Each structure stands twice: as C-alpha cells, then as structure tokens.
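Spelled out, the chains give:
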Amino acid sequence: MLIGVNCGHTIEGAGSGAVGLFRESEHTRLVGRILMNKLMDIGQNVVNCTVDRAASQEEYLQRAVQIANQAEVELFISIHFNASGEHRAQGVEVYTYKGRKHAEAIAICSHIEKLGFLNRGVKDGSGLYVVRKTKARAMLIEVCFCDNDRDVEIYRSMGEEKSIAEAIFSALCETVVDKKKAVAEREERFMDFVGDIAYRDWQERRIMLPSVVVAQAIKESAWGTSELAKNANALFGIKENGWKGKTYIKTATEQREDGSFYTVEGTKWRAYDSWKQSILDHNDYIANRSTDGGRTLRYKPVVGCSDYILAACHLQECGYATAHGYAQSLIYDYIEKYHLTRFDSVRYTLPAKKYMCYTQDI
C-alpha cells in the first residue's frame, strides 16, 4: 500500500495553523516524520505530502492534494492539532469523507484515547479540502487541542510526538499494514497452489498453459473467496454442460454484445470435492468441450497453446466468457501484473507448510 502523509499546515505565514500552548505546524511535523520513518522501517511505501511554504492557504491545500494525487497514494493521512474559541474543547477526532467510519480511523481514535485523551470519534470531513479532493481514502487527524491546558498536559506527560506517532502507527498496523500483508501472503499462497497443480498437469497433458489457468482462477473465484469457491469448491464458473457430478445452483450474470447485463436464475454450476478437482476438470473441459457430439472441439485453438496472449485471446474468441474484455483482463490484470508466466517454464516447488490452508486439495 502506498501511504501519503501530510504534516498539516505550512511552517510559517499563510496556512501555518493554530498557535496555542505550542505551535501546531511544528508538532505536526514532529509526529509526521516519526510516523513516516516507522512505516518505512517496516517496508511500507510512503509519500511525504507536506508543504512547508505557500503564498496562501488555498495554495498550500492544493499542493498537498496534488502531491498525493499525482503519486496515486492509496491512503492519505493529514496530521493536525485542534483549537477552539474558548480553549475548553478536548480530545482526538478523525475526519473522513461523509464521516465514513473506516477501520483505520476508528482505530486511530481508540489508540490515541488510550493515552488519556477524550475520544470525540470519527466525523464528517466532506467540507475539508484535503478530505474532499484527495482521490485516495483520506483522513484528517486532529490529535488533540493545542490550546487546552488538560490536553497539552496529557500530550507532554505521555511523550509528546513519539507517543502520538506510535499510536497512529499501531492503529495502521492493525487495520491497514498488517491486513494488507496478510492479504498479500494469502494471495501468494493461492497463486502457488493453483500454479503448482496447473504446471504438473501442463507437463503431463499439455492442455492449458499454467499462467492462464492461474489467472482464470484468480479472476473467476476472487482469489478463492467467491460463493462458488467456498460452497462448491469451484474456482471457475463452469456451468453443468453434461457434467455428471455434483452441482450448485446460483444465479448467472451474463453480458450482451451491446454491453448490457442480464441474469439467469437457477443456473446449475459444476461442484467439486476439492479445489484440485476443480482445476483438473477445468482443463478437461477445455480439452473436450463439444456441442456436436465430439466432431469439433470448441476450444481447440487453446489446447497446447504456449503463448499466454494467444491462449487468452483464443478463450474469448471461442466464447468461454460473455464478459467483454475477458482476455485483456487475464493478460494485463493478472498474468503480467503478478508475473504468472513463472509457472509456465520453471518448476515451482514450495515447502508443504505454504499449502497449509489447502491441504484437502493436495
């Protein structure tokens, strides 16, 4: 995940922020720098979206958002310290677009609350420029009120910028960083599992190029999380079509030539005892599918094709899927993005423990 961090406000002049018992812009940088270093230390990609000087408040805001949008960050965090008219308000709050209670926003409030601050919760920040204009999911964190005696006392007694940066970092690790890492690891295991079976079958029967099989499995089963994958052990959306085994009933969504969609209720899909069975039957289906008693094979151009681009295009040309752009998606969204051609030419061996989640299929 690419995270953009904005240390709120300029250092001085236009857009320099609140001045209470300490200067807001000074401490946003103290917190932000520690946070960015901690994220980079664990291998996270970070973009510094801080603007130190600008001719106006408007320019400062525009430049901060421009940095984030041009870098195409996936999460934008703007760090601030609050102030109130009568200096009585206290606590931490996080602003998101339309007040959406993103897990990371809730976690940040909770972690900073544990330091002793009042938790004011997640609030609607749609009126805030950086929240509204940043393309990525955006959060503006008001750490505490820098003009309130009680908040400043807690801030100083709890370790100031170090404690705040640690609280935000811990919240991100729980909700974004570690979660993303876990998802990446699960996806890698899924690719290795399907790729290993597809490679062995390619070596034995030369039906479907492994890279294409893996791409199809990812796309059609959403990395093994789809309804068919969970309830029918089916990694591919293959309808009954002469299948004598178990079936699973689920509505089918199809796309017409004009691009519009329609559904078919009560569609019967092939169901399996394991994901491995699903992969091997998928290859059998490609090798043997015929609508005229075997005189012609529907996917003949696909069988044995060793070029992943041609194989993907042949699949679409032969009517494997009604979805427009199916072949292009396999090629660019999966095969090339995840370097799936590694399964086509080199034996991919892994320790058995990497397959722990899928032992039923080995």
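Cut-offs and rules
Residues numbered from 1 in each chain as written. Predicted model: local features only at pLDDT ≥ 70, side-chain atom pairs only at ≥ 80, totals over all residues. Heavy atoms only, no water. Helix = DSSP H or I, 4+ residues; strand = E, 2+ residues; numbered from the N terminus. Rg over C-alpha atoms; globule rule 2.2 N^0.38 Å. Buried < 20%, exposed > 50% of the residue type's maximum accessible area, 1.4 Å probe, protein only. Contact = heavy atoms within 4.5 Å. Areas by Shrake-Rupley, 256 points an atom, 1.4 Å probe, with all protein chains shown as cover. Lys, Arg positive; Asp, Glu negative; His and termini not counted. Charge placed at Lys NZ, Arg CZ, Asp CG, Glu CD. Pairing = 2+ DSSP bridges. Axes fitted to C-alpha atoms, helices over the stretch in contact; angles between N-to-C directions. Parallel < 35°, antiparallel > 145°, perpendicular 65-115°, else oblique. Left-handed = near helix turned anticlockwise from the far one by under 90°. Nonpolar A, V, L, I, M, F, W, Y, C, P; charged D, E, K, R; others polar. Core = buried A, V, L, I, M, F, W, Y, C linked by side-chain atoms within 4.5 Å. 1 Å grid on protein atoms, 1.4 Å probe; cavity = no way out; pocket = protein on both sides within 12 Å on 5 of 7 lines; lining within 4 Å. Points joined across faces, edges and corners; volume = space filled by probe spheres on them. pLDDT = per-residue confidence, 0-100. Salt bridge = Lys/Arg side-chain N within 4 Å of Asp/Glu carboxyl O.

The next subject is the overall build of the protein chain. Scanning the protein chain from N- to C-terminus turns up twelve helices and ten strands. In terms of overall size, the protein chain is more extended than a compact globule, its C-alpha atoms giving a radius of gyration of 27 Å where 362 residues would be expected to give roughly 21 Å. In terms of principal-axis extent, the alpha carbons of the protein chain reach across some 85 × 45 × 40 Å. Each of the 362 residues in the protein chain was classed as buried or not, and the buried ones make up 51%. Within the protein chain, residue pairs in contact and separated by at least 24 positions form 70% of the contacts whose partners lie at least 6 positions apart. For the protein chain, the exposed surface amounts to about 17400 Å²; the carbon and sulfur share of it is 48%. Considering the protein chain, the positive charge centre built from 47 side chains and the negative charge centre built from 48 side chains are found 4 Å apart.

Attention now goes to the sheet that holds strand S3 (residues 75-82). Strand order in the open sheet formed by six strands is S2-S1-S3-S6-S4-S5, and the pairing between neighbours is mixed. Unpaired on one side and paired on the other, strand S2 (45-48) and strand S5 (119-124) mark the two borders of the sheet. Recorded for the sheet is a direction-independent mean angle of 20 degrees between the axes of neighbouring strands. By the bridge criterion, five bridges tie strand S4 (residues 92-96) to S5 in an arrangement that is parallel. Paired with threonine 96 across the bridge in S5 is aspartate 124. Against the sheet, helix H1 (residues 24-41) engages strand S1 (2-7), S2 and S3, with an angle of about 145 degrees to S3. Running at roughly 170 degrees to S4, helix H3 (residues 103-113) makes contact with S3, S4, S5 and strand S6 (137-145) of the sheet.

A few words now on unusual backbone geometry. Here the phi dihedral of asparagine 241 falls at roughly 40 degrees; this positive angle occurs in a residue that is not glycine. Although it is not a glycine, histidine 339 sits at a positive phi angle of roughly 55 degrees. Structurally, histidine 339 is set in the loop between helix H11 (326-335) and helix H12 (342-345). Taking relative accessible area as the criterion, histidine 339 reaches 55% and is therefore assigned exposed.

Our next topic: the packing of helix H7 (residues 210-221) against helix H10 (residues 308-317). Taken N-terminus to C-terminus, the directions of H7 and H10 make an angle of 50 degrees; their axes are 9 Å apart at the nearest point. Our classification of the angle between H7 and H10 gives oblique. With respect to the hand of their crossing, H7 and H10 are arranged in right-handed fashion. Residue-level inspection shows Ser211, Val212 and Gln216 of H7 in contact with H10, the latter providing Tyr308, Ala311 and Leu315. In the contact of H7 with H10, the residues fall into four nonpolar, two polar and no charged.

Attention shifts here to the nonpolar core. By size, the foremost hydrophobic cluster in this structure holds 53 residues, and its most contacted members are Val194, Val212, Leu235, Ile286, Leu315, Tyr320 and Leu340. Of all the secondary structure elements, the ones that give two or more residues to this core are helix H6 (160-205), H7, helix H8 (227-232), helix H9 (275-288), H10 and H11. Here the element with the most residues in this core is H6; it accounts for seven residues. Residues contacting leucine 235, with those up to four places away along its chain left out, are Phe190, Val194, Gln216, Ala217, Glu220, Ser221, Gly224, Ala229, Trp275, Ser278 and Ile279. Core analysis: the second largest hydrophobic core is formed by 43 residues, Ala18, Val122, Ile168 and Phe169 among them.

Right, let's get into the layout of surface pockets. Its boundaries defined by the atoms lining it, the largest pocket holds a volume of some 710 Å³. Around the largest pocket, the lining is made up of 26 residues, and of these Gly237, Lys239, Thr253, Glu254 and Trp269 lie nearest the centre. Of all the secondary structure elements, the ones that give two or more residues to the lining of the largest pocket are H7 and strand S8 (252-255). Here the lining of the largest pocket takes four residues from S8, the largest share from any one element.

What follows is about the confidence of the model for the protein chain. Low-confidence regions, as indicated by low pLDDT, have predicted coordinates that should not be scrutinised in detail. Confidence along the protein chain averages 92 in pLDDT terms, with 95% of residues attaining 70 or more. The low-confidence segment residues 350-362, where pLDDT is below 50, has 24 contacts with residues more than four positions distant or belonging to other chains.

Bringing the pattern of salt bridges into the picture now. Side chains that carry opposite charge are capable of pairing whenever their charged atoms lie near each other. Within this structure, the stated rule accounts for 18 salt bridges. Among the salt bridges present, the one from aspartate 192 reaches arginine 342, with a minimum N-O distance of 3.9 Å. Taken as a pair, aspartate 192 in helix H6 and arginine 342 in helix H12 lie far apart in primary sequence, 150 residues in all. If you follow the salt bridges from partner to partner, you end up with Glu93, Arg120 and Lys123 in one network.

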